[in-house]
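# Observations on chain architecture
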Amino acid sequence: HKRHYLSKRPIRFRLRNSVIYVARDCIDHRQQAASQLSNIVPVHFAHCKPTDGNESSSNVRRIPESNQFANRDARDHWWYNYKLYSRYKYCLCMENSNQPGYISEKLLMAFLGGCLPIYWGTEEVLEVFNPEAFIFYDIENPQSALNRVR
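Bear in mind that the values here come from a model prediction, so they are computed numbers and not experimental data.

What follows deals with the nonpolar core. Ranked by size, the top nonpolar core spans 40 residues in total, and within it Ile20, Tyr21, Leu92, Ile118, Phe134 and Tyr137 carry the most contacts. Examining the composition of this core, we find that six residues originate from one element, strand β4 (residues 88–94), more than from any other. In contact with Ile118, other than residues within four places in its own chain, are Val19, Leu37, Tyr90, Cys91, Leu92, Cys93, Met94, Ile135, Tyr137 and Val149.

Written out as structure tokens, the structure reads:
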């Protein structure tokens, strides 16, 4: 078993090479990233279905637990996301916007869950966290991130 960058515990992927995409706000840059990733690996989503005009894509699937997100308050989401993320190799965790100095809990939740985060937000994150511990997804030039997932 491989080991996670931030933990001594072994990583056991039940959904090898799959991306989990959990977001309440279906923002264009997230949707586009999820769609581009679905051309490479399966993308499982809870609320925002990635689309690129190909509605019949077999690489995009709603997770069975998705209806549970609507009925949870914010305190429950942390624990639930942690457990959900632990089942995936990748986690798409993108900020709502790129604000200097702002890094939300999204990246940390992915690390705690044991998946490899695919992150977009301030590039200052590269100074705070080990750049090898996650995939930085540049929405203006995503090819480097997509190549790391291949």
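Picking up where we left off.
For the rest of this paragraph, the subject is helix α1 (residues 28–38). A large share of α1 lies buried, amounting to eight of its 11 residues. All buried positions along α1 are accounted for by His29, Arg30, Gln31, Ala33, Ala34, Ser35, Leu37 and Ser38.

Take the packing of aromatic side chains next. Counted by the stated rule, this structure contains three aromatic pairs. For the pair Phe111 and Phe129, a centre-to-centre distance of 5.5 Å together with 45° between the ring planes defines the contact as tilted. A residue pair is termed long-range when its members are at least 10 positions apart, and Phe111 in helix α4 (residues 105–113) and Phe129 in the loop between α5 (125–128) and β6 (135–136) qualify at 18 residues. Ring centres of Phe111 and Phe134 lie 6.5 Å apart, and the angle between their planes is 75°; on these two criteria the pair is classed as edge-to-face. One end of the pair, Phe111, is in helix α4; the other, Phe134, is in the loop between α5 and β6, and 23 residues separate them in sequence. Judged on exposure class, the residue Phe111 and its partner Phe134 are both buried.

This next bit is on the pattern of salt bridges. Scanning all chains against the criterion turns up one salt bridge. Across the salt bridge formed by Glu95 and Lys106, the nearest N and O atoms sit 3.9 Å from each other. Residue Glu95 is found in the loop between β4 and α4, and its partner Lys106 is found in helix α4; the two are separated by 11 residues along the sequence. Take Glu95: its relative accessible area is 1%, and that puts it in the buried class. When its relative accessible area of 22% is taken as the criterion, Lys106 is described as partly exposed.

About the thresholds
Residues numbered from 1 in each chain as written. Predicted model: local features only at pLDDT ≥ 70, side-chain atom pairs only at ≥ 80, totals over all residues. Heavy atoms only, no water. Core = buried A, V, L, I, M, F, W, Y, C linked by side-chain atoms within 4.5 Å. Buried < 20%, exposed > 50% of the residue type's maximum accessible area, 1.4 Å probe, protein only. Helix = DSSP H or I, 4+ residues; strand = E, 2+ residues; numbered from the N terminus. Contact = heavy atoms within 4.5 Å. Phe/Tyr/Trp six-rings, centres within 6.5 Å; stacked < 30°, edge-to-face > 60°. Salt bridge = Lys/Arg side-chain N within 4 Å of Asp/Glu carboxyl O.

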